[in-house]
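The primary structure of each chain is shown beneath.
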Amino acid sequence: MFFASDNSGPVPPQVIDALSRANAGHVSGYGADALSLSVADRLRDLFEAPQAAVYLVPTGTAANVLALALLCPPYGTVFASPVAHIHEDECNAPEFFTGGAKLTLVPGSDRMTPDALRAAIEGEQNRGVHGPKRGPVSITQVTERGNVYSMNELHALTAVAQEYGLPVHLDGARFANAAVKLGVSPAQMSWKAGVDICVFGGTKNGLMGVEAVLIFDPARAEEFEYRRKRGAILFSKHRYLAAQMDAYLTRDLWKDLAHQANARCDQIIQGMKGLGVSVLNDTHANMVFFDAARSVHRALHDAGVAYNIWGTLDGDPQQQIMGRLVCDWSLEPAQVSAFLDHLDKAV
């Protein structure tokens, strides 16, 4: 009953097999091997973007900060949700890799609204050289509070960015989960929706460690390559990144893994509703945020359920505490059923 993070699950056997096949002989390094070049072409096909520049990096933070460094000068600012990963969980890496750009947090919740974004944009670049220049809008899909932007919501945000001539970065660490939830293609949820640079995440959806960065304006490609090398993020044995992504793309494994994770989340949501537990995110893919009494959380943890809470297990047993459950591809229905049985006893 492990729901702490989709980073913590195992790697699918298809990926291990692909790595084993790649582990033969000698090939060119740094992405010049045939497999890496083929994977880039396959990603262009998947995103219906034949001119896109495509790069593989080992972590989501690397993908995000390199993308933002392309889009934001050191004297600029990035517009993002207050709970965006680039703000809460990347140790100032966006500021570091952009050379000092700031983050402007758009007031509200995890899902930015067009009105709040417009107000935040209007609040910057009105002091001349004494304030930051407006920079990219960063959207997280799935959000850090487990919600999924609808396609209408995505289009509304990118439309605001376009009003001001600002580029859009999509943090797609859970891109597959969102695309499967919405029933849309990668193209529809990226460049067709007004996104300039998209992160197509793999690690949270079962890969050992690789993310793809798709830059839909190829004129930015050379700068990305220099920044990736300067940032010490260019793998020499690049084929091992490519092998993971190759397996991910083969027979739509990325979709299958996301379907499995999302299905377990649906199972949890239905079970919680039946037990009267308060679910906080009104949309979901593979994450559930919920409120429960501290005594409930304590009972679940004592039963061996692993997940995160926003607080401690010590204190008033009746106090409501927020918890987060994350489903990865490997969870079985029986594991979710076992969790719901323990939850039933606890509430």
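Please refer to the structure placed before this passage.
To start, this report covers the structure provided alongside it. (Residues numbered from 1 in each chain as written. Predicted model: local features only at pLDDT ≥ 70, side-chain atom pairs only at ≥ 80, totals over all residues. Heavy atoms only, no water.)

Describing the overall build of the protein
We apply this condition: We count a stretch as a helix when DSSP gives it H or I for four or more residues in a row; a strand needs E for two or more, and each element gets its number in order from the N terminus. For this measure, only C-alpha atoms enter the radius of gyration; the expected value for a globule follows 2.2 Å times N^0.38, where N is the number of residues. Accessibility here uses a 1.4 Å probe with only protein chains present; expressed as a share of the type maximum, an area under 20% marks a residue as buried, one over 50% as exposed, and anything in between as partly exposed. By definition in these notes, contact holds between two residues if any of their heavy atoms fall within 4.5 Å. Computed by Shrake-Rupley with a 1.4 Å probe, the accessible areas treat only the displayed protein chains as cover when residues are assessed. The positive count covers Lys and Arg only, the negative count covers Asp and Glu only, and His and the chain ends enter neither. Here the site of a charge means NZ on Lys, CZ on Arg, CG on Asp, or CD on Glu.
In terms of helices and strands, the protein carries 13 helices and 11 strands. Here the protein has a C-alpha radius of gyration of 21 Å; the compact-globule value for 347 residues is 20 Å, and the two agree. Viewed in the frame of its principal axes, the protein has a C-alpha envelope of about 60 × 60 × 35 Å. Out of the 347 residues belonging to the protein, those deemed buried represent 54%. Long-range pairs, those at least 24 residues apart, make up 75% of the contacts in the protein with a sequence separation of at least 6. In the form shown here, the protein has an accessible surface area of approximately 14,500 Å², with 51% of it arising from carbon and sulfur atoms. Across the protein, 29 positive and 37 negative side-chain charges occur, with their mean positions spaced 3 Å apart.

A few points about the sheet that holds strand S10 (residues 308-310)
Formally: If DSSP finds at least two bridges between two strands, the strands pair. Angles run from 0 to 180 degrees between N-to-C directions of axes, and those axes are lines fitted to C-alpha atoms, restricted for helices to the stretch in contact.
Ordered in space as S8-S9-S11-S10, the 4 strands form an open sheet in which the pairing is antiparallel. Two strands in the sheet have a free side with no partner beyond their single neighbour: strand S8 (278-279) and S10. With 3 bridges connecting them, S10 and strand S11 (residues 320-326) associate as antiparallel partners. What sits directly across from tryptophan 310, in S11, is methionine 322. Running at roughly 25° to strand S9 (residues 287-293), helix H11 (residues 253-275) makes contact with S8, S9 and S11 of the sheet. Set on the sheet, helix H12 (residues 294-302) makes contact with S9, S10 and S11; between it and S9 the angle comes to about 115°.

Concerning the pairing of S11
Of all 7 residues in S11, 6 are buried; the element is thus mostly enclosed. Where S9 meets S11, 7 bridges bridge the pair, whose relative direction is antiparallel. From the neighbouring strand, phenylalanine 290 faces S11, where its bridge partner is glycine 323.

Some remarks on the packing of H11 against helix H13 (residues 333-346)
The relative placement of two packed helices is expressed as an angle between their axes plus a distance between the axes. Stated formally: To sort the angles, those under 35 degrees are grouped as roughly parallel, those over 145 as roughly antiparallel, those from 65 to 115 as roughly perpendicular, and the leftovers as oblique. Crossings are classed by handedness, with left-handed meaning an anticlockwise turn of the near helix from the far one by less than a right angle and right-handed meaning a clockwise turn. Residue type decides the class: Asp, Glu, Lys and Arg count as charged, Ala, Val, Leu, Ile, Met, Phe, Trp, Tyr, Cys and Pro as nonpolar, and the leftover types, Gly among them, as polar.
For the pair H11 and H13, the least separation of the axes is 10 Å and the interaxial angle reads 20°. Accordingly, the angle class assigned to the pair H11 and H13 is roughly parallel. Considering how the two elements wind past one another, H11 and H13 form a crossing that is right-handed. Residues Arg264, Gln267, Ile268, Gly271, Met272 and Leu275 of H11 form the contact with H13, whose participating residues are Pro333, Val336, Ser337, Phe339, Leu340, Leu343 and Asp344. Here the residues of the contact of H11 with H13 sort into 8 nonpolar, 3 polar and 2 charged.

Topic: the side chain of serine 5
Here is the rule we go by: In the analysis that follows, any N or O atom pair within 3.5 Å is treated as a polar contact, provided that within protein one partner can donate a hydrogen and the other can accept it, and provided that, for residues neighboring in sequence, both atoms belong to side chains.
Within the element layout of this structure, serine 5 appears in the segment before helix H1 (13-22). For serine 5, a relative accessible area of 14% corresponds to the buried category. Within the structure, serine 5 has its side chain in polar contact with the backbone nitrogen of asparagine 7 (distance 2.9 Å). When neighbours within four sequence positions are excluded, serine 5 is seen to be in contact with Arg324 and Val326.

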